[in-house]
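As a plain string of letters, each chain reads:
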Amino acid sequence: MVREFTVGEVASRSGVAVSALHFYESKGLIRSHRTAGNQRRYSRDVLRRVAVIRVAQEIGLSLADIAAALASLPDGRTPTREDWRVLSEGWASDLDRRILQMQKLRDGLTGCIGCGCMSLEHCPLHNAHDRLAAEGPGPRRLLVETAGKAAPPSRT
């Protein structure tokens, strides 16, 4: 017999508020069905999906990216180890870029903020007369280079 969960049980087991579960459902990230008494019921696999949503949000993925990944998973059964491997590989290059970006920001900003130069003339981040505009928008010296170009802004 398949065990189903109420919205309160899913909230309690997953650590996610009931309102967040309703939001995830409205965005198509998770699914429920209604009982004859019009109460939501969730299958067991929703706990794993909610866990993935929480972790993905924690690492900075947008709900759109999460929804696209979850849409690739099978409906009606708990995803397998292989399903999760494919999903995680799809996020790996984006995560690697984000890690590099964060390291560059950490290393660049720590020195800059703490340097005490108080002079834009000597600041390595200063872009006098907008000389870097031809390279593209944004803080050119702080963006991670990917394939010879600065990384696009994050969609989160």
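Structure first, text after, so check above.
Conventions we followed
- Residues numbered from 1 in each chain as written.
- Predicted model: local features only at pLDDT ≥ 70, side-chain atom pairs only at ≥ 80, totals over all residues.
- Heavy atoms only, no water.
- Helix = DSSP H or I, 4+ residues; strand = E, 2+ residues; numbered from the N terminus.
- Buried < 20%, exposed > 50% of the residue type's maximum accessible area, 1.4 Å probe, protein only.
- Contact = heavy atoms within 4.5 Å.
- Areas by Shrake-Rupley, 256 points an atom, 1.4 Å probe, with all protein chains shown as cover.
- Axes fitted to C-alpha atoms, helices over the stretch in contact; angles between N-to-C directions.
- Left-handed = near helix turned anticlockwise from the far one by under 90°.
- Nonpolar A, V, L, I, M, F, W, Y, C, P; charged D, E, K, R; others polar.
- Salt bridge = Lys/Arg side-chain N within 4 Å of Asp/Glu carboxyl O.
- Core = buried A, V, L, I, M, F, W, Y, C linked by side-chain atoms within 4.5 Å.

What the protein contains, in helices and strands, is five helices and four strands. Of the regular secondary structure in the protein, the N- to C-terminal order runs α-α-β-β-α-α-α-β-β. Going through the 156 residues of the protein one by one, you find that 32% of them count as buried. Counting contacts in the protein only where the partners sit at least 6 residues apart, residues at least 24 apart contribute 53% of the total. Surface summary for the protein: the accessible area is close to 10,300 Å², and the carbon and sulfur share equals 57%.

Here helix H3 (residues 45-58) crosses helix H4 (residues 63-71) at 145°, and the two axes come no closer than 10 Å. The interaxial crossing formed by H3 with H4 has right-handed handedness. Contact residues: Arg49, Val52, Ile53, Ala56 and Gln57 in H3; Leu63, Ile66 and Leu70 in H4. Considering only residue class, the contact of H3 with H4 consists of six nonpolar, one polar and one charged.

To continue, consider the pattern of salt bridges. In the structure shown here, the tally under the stated rule is seven salt bridges. The residue glutamate 82 makes a salt bridge to arginine 85 at a minimum N-O spacing of 2.4 Å. With glutamate 82 and arginine 85 both in helix H5 (residues 81-115) and three residues apart, the pair spans about one turn of that helix. Residue class for arginine 85 comes out partly exposed when judged on its relative accessible area of 35%. Linked through salt bridges whose partners overlap, the residues forming this network are Glu82, Arg85 and Glu89.

If you look at the biggest cluster of nonpolar residues, it comprises 24 residues, and the most contacted ones within it are Leu21 and Ile30. Only helix H1 (7-14), helix H2 (18-26), H3, H4 and H5 provide two or more residues apiece to this core. For this core, the leading source of residues is H3, giving six residues. Those residues in contact with isoleucine 30 that sit more than four places away from it in its chain are Leu21, Tyr24, Glu25, Tyr42, Val46, Arg49, Val50 and Ile53.

So yeah, pure geometry; function would need other evidence.
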